[in-house]
Every structure is written in structure tokens, then in C-alpha cells.
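Fold and contact review
Spelled out from the first residue to the last, the chains are:
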Amino acid sequence: MKGIMDSLQKHMEMLCGSVGARPTGSAANKAAVDYVAEVLRQSGLAVHRQEFDCMDWQNAGAMLMVGSRSVPAEAAEYSLPCDVEAEFLCVDTGEMLQSAALDGKIAVLHGDLCKEPLMPKNFTFYNPEEHKRIIALLEEKNPAAVITVTPTKEHVIQDGDFHIPCAVVSEELLDVFTNSAGEQAKLTINTERIDSKAHNVIAAYGDKKEKICFSAHIDTKPATPGALDNASGVSILLALAETLSGKEYPFQIEIVLFNGEDYYSTPGEMTFMASLSPDYILAVNVDGIGLKNSDTSVSFYSCAPEMEDRIMQGVGQQGGITRIEPWPMGDHMLFAAGGIPTVAVTAANIFGLMGSVIHSADDNMDQIDMSVLADTVPCLASLIDTIGNWKAEH
Ligand SMILES: [Zn+2]
């Protein structure tokens, strides 16, 4: 157990500390990919890097003046740069947006229009009509820039395919806009979209045709060290890989480190899906694990009830594991939607941290209980044995 703990500590410190934020397409992301590929290779796995196109989004911040007042603002993720001085107009409902004349102005969106992140234009898995309508109206009305005034840290617009520059202002500052209607605003966004490439890392142990896949995503949002999301999941899979050497299984163990779960168009996931193997007997995705004072949860997708029971019996040997209802966001859905029996592993209390800790600078090592990570490694190993036994009987 000491060996696993040391190993997990090393991987976590590398990913969250030395590398830090590792958005898809960035140099830090490449450093993280190099690190995990080398750990997997040294553990005796055959490592393949699956390349795809993306952008390296550079952000040197934003500046906003409303009238003569300087207002803290940040660039929305993936925004184009701009330097505009124009009249601004506050808009808070779909109807108001429908009738607003925004051409050449700065559109300040708040209220109803900012109640949740709008899905990126080309995000096809899930994209509500209401979101598409807001985006289409903005493009049609052609404001010089958009400012979203939001109650949470999550950006409302985060889309590299959206070509109107966007900034984000915190909701406490809404008054600044509503009290100075008719004035000018000056917005500068210092960002750059640079063509780049990135890689999924796919590592195989054994050469059997049938496979069990363990996956986690290696990328982060641009402004977070991503401890829970998802250095912890990656570190667990590296530690698991380090325990495989010398063992024989009736199937191949594949470790997939996706690169793009937190990137607007999930390009790594799309690339992986384009050649999805029909040979998976089980997929296990680990994301958001190791939160302090939280059980670890498992949920099932496209699984036979008998298999679910067997897996619960196996992993339930260990304390601190609870079964939860399926939840539909994340890389486990790629496999589940393909009809592959899938297990999602995450901290049971993670859902309350969305919009606050997750995707922010606060998602750091302080959130992590390393002993939970250490307990999860043998738990995943037991899952391999469970499926081995299950397969022998079927
Ligand atoms: Zn995330």
C-alpha cells in the first residue's frame, strides 16, 4: 500500500503542481501527455498517442471601463480578442434579445439569459433549443462584443466556434451597468486562438481481442490545477497500470486518457469515438474522485443487472463505496451511448461543487484525501477480477 501511496503522491504533484492547468492544445497539456505516456510505457504497456487538431487558447486578460469606472472583467473561455468602445445595452430575457438593436454595440447579458452555461454551437450530444436560439440571435444581431453578467464562476459562453468577443463580469457588479444606461463602455480582451494539436493516450496491457477499458481525462479548464477534475482519476489509472506487470488476464486491459473533456468541442473524445472498438466488455470511467469527507460512488450504464450486482459485491468489500443513480455528463456517456456496459466512478459529494470549486483555482490538492485514492486502486483491480470470473461463467 505504501508503494501505491507514494506513486499517487508523485503523479498528483506532477499533474497539479509542476504542470498545473493543462487545457487541451497548450504546452502544459503536452507536458502532461508526455508524463503519463512515459509512466505507462515504463509499466510495460504498449502506448499509442492519438492525434487531433484543436486550438491553444492564450489569455492575457480583459479590461473594462463603464463610463469612467473601471470594472473587473475576464475573457470568456476561447473568446476572440477585441478592443471596442461602444454604447452598451442590458438584455435579460429571450424576448428582449429578440427585439434588441445590438449592431455594433456591446450586449450585456444577465438574468434569464445567464442562468446556465450555453452549450457550444457544435456540441451535438446535448444542445437545448433555447441555447441555440440565444446564440443564433446574437450572431444575427451582430454586437461588437458580449458581456455576460453571471452569478457563478462558470462562463455562460465558452465556445471556440463563436466569433463575437465575450467577457465575463460577476453578478455583484450588475448595478454598474443598470445605473449608467446610455453611457459608453470600453472593452479590451487580450486573447489569441492559435492552431494546435493534442493527443489522447491509449495504452494496452496484453494482446487479447476483448478489452476492459479504464478511462479518465487528462485536460483541464484553463484556470484550474484540476485536482479532482481530473488529476485524481488519471493518477489512479497510472497507479493501477503500475500494478499490472506480470499478471495474466483473459482480456486486454486498456487505459485511455482522454484529452478534451473540458474543451468546448471535446475533440479528443470525438476522435476516439470515430474508431470505437466493438471489443469492449466493460468500460470504467474515473472522474472527480478522492474528495475529502465523501464516499466514492459508482453508477451503471448499459449493464446487465446481474453484472451490476456482481460488481457491487466486489467493490462493496471495501468501505466508503456507494451506488448512485446514473448521471448523464462526462466521458462515461461515450461508452454507455455505444451500448457498452459502463461504470462511472466519482466522489458522491462532487455534484455540489459544480459552479464553485470545480473548474476554479480552488480545485487543488487541498480538496483531495489521498487515502481515498489509494483505496480506489485495489478497488479497480478487484473489478478486473470480478469481470474475469463473470466471463469464465458465461
Ligand atoms: Zn471538468
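Please read all numbers here as calculations on a predicted model, not as lab measurements. (Residues numbered from 1 in each chain as written. Predicted model: local features only at pLDDT ≥ 70, side-chain atom pairs only at ≥ 80, totals over all residues.)

1. Let's talk about the overall build of the chain
Counting secondary structure elements, the chain contains ten helices and 14 strands. In summary, the chain has a C-alpha radius of gyration of 23 Å against a globular reference of 21 Å for 394 residues, a match within 12%. Once the C-alpha set of the chain is aligned to its principal axes, its extents read approximately 75 × 40 × 40 Å. Here the chain holds 394 residues, and 47% of them are scored as buried. Across the chain, the fraction of contacts at a sequence separation of at least 24, relative to all contacts at a separation of at least 6, is 81%. (Helix = DSSP H or I, 4+ residues; strand = E, 2+ residues; numbered from the N terminus. Rg over C-alpha atoms; globule rule 2.2 N^0.38 Å. Buried ≥ 20, exposed ≤ 12 C-beta atoms within 10 Å, placed from the backbone. Contact = placed C-beta atoms within 7 Å.)

2. Notes on the pairing of strand E4 (residues 82–91)
Bridging between E4 and strand E8 (residues 184–205) involves six bridges; their strand directions are antiparallel. Bridged to Val-84 within E8 is Leu-187. Here E4 pairs with strand E5 (residues 106–109) via four bridges, running parallel. The residue bridging Cys-90 from the neighbouring strand is Val-108, located in E5. (Pairing = 2+ DSSP bridges.)

3. As for the packing of helix H8 (residues 305–315) against helix H10 (residues 370–393)
Taken N-terminus to C-terminus, the directions of H8 and H10 make an angle of 140 degrees; their axes are 9 Å apart at the nearest point. As far as their axial angle goes, H10 and H8 are oblique. Here the hand of the crossing between H8 and H10 comes out right-handed. Residues Met-307, Arg-310, Ile-311, Gly-314 and Val-315 of H8 form the contact with H10, whose participating residues are Cys-379, Ser-382, Leu-383, Thr-386 and Trp-390. (Axes fitted to C-alpha atoms, helices over the stretch in contact; angles between N-to-C directions. Parallel < 35°, antiparallel > 145°, perpendicular 65-115°, else oblique. Left-handed = near helix turned anticlockwise from the far one by under 90°.)

4. Quick word on the environment of Glu-77
When you line up the elements, Glu-77 lands in the loop between strand E3 (74–75) and E4. Taking the C-alpha atoms as reference, Glu-77 lies 9.5 Å from Ala-223; in sequence the two are 146 residues apart. Residue contacts for Glu-77: discarding those within four places in its chain leaves His-155, Gln-158 and Pro-222.

5. Side note on the nonpolar core
Across soluble globular proteins, nonpolar side chains show a tendency to be buried alongside one another. Counting residues in each nonpolar core, the largest one holds 72 residues, and the members touching the most others are Val-36, Val-234, Ile-236, Leu-237, Ile-255, Leu-257 and Val-284. The leading source of residues in this core is helix H6 (residues 227–242), at ten residues. In this structure Leu-237 touches Phe-214, Ala-216, Ile-255 and Val-286, once residues within four positions along its chain are discounted. (Core = buried A, V, L, I, M, F, W, Y, C linked by C-beta atoms within 7 Å.)

6. Quick look at the domain arrangement of the chain
Under the domain assignment, the chain is made up of domain 1 (2–53 + 196–393) and domain 2 (61–193). Computed from C-alpha atoms alone, the centre-to-centre distance between domain 1 and domain 2 is 35 Å. Taken together, the seven residues of domain 1 in the interface contact eleven residues of domain 2. Residue composition of the side of domain 1 that touches domain 2, by class: two nonpolar, five polar and no charged. (Domains from an automatic or database assignment. Nonpolar A, V, L, I, M, F, W, Y, C, P; charged D, E, K, R; others polar.)

7. Examining the packing of H6 against H10
Two numbers describe how H6 lies on H10: the axes approach to 9 Å, and their chain directions differ by 55 degrees. Relative to H10, the element H6 lies oblique. Seen from above, H6 lies across H10 with right-handed handedness. Mapping the contact onto sequence places Ser-232, Ser-235, Ile-236, Ala-239 and Leu-240 in H6 and Leu-373, Thr-376, Val-377, Leu-380 and Ala-381 in H10. The class makeup of the residues in the contact of H6 with H10 is seven nonpolar, three polar and no charged.

8. Regarding H10
For H10, which comprises 24 residues, the first-to-last C-alpha distance of 36 Å matches the rise-based estimate of 34 Å (1.5 Å per residue) to within 8%. Among the residues of H10, Val-372, Leu-373, Ala-374, Thr-376, Val-377, Cys-379, Leu-380, Leu-383, Ile-384 and Ile-387 are the ones counted as buried. (Expected span 1.5 Å × (residues − 1).)

9. Quick word on the pairing of strand E9 (residues 211–217)
Strand residues, when the strand is regular, have side chains that alternate between the two faces of the sheet. E9 sits mainly inside the fold: seven of its seven residues count as buried. After leaving E9, the chain enters H6 and then returns to the sheet as strand E10 (residues 252–258), a path that is right-handed. By the bridge criterion, five bridges tie E9 to strand E11 (residues 280–286) in an arrangement that is parallel. Note that in E11 the partner of Phe-214 across the bridge is Val-284. (Right-handed = clockwise from strand over helix to strand, strands pointing away.)

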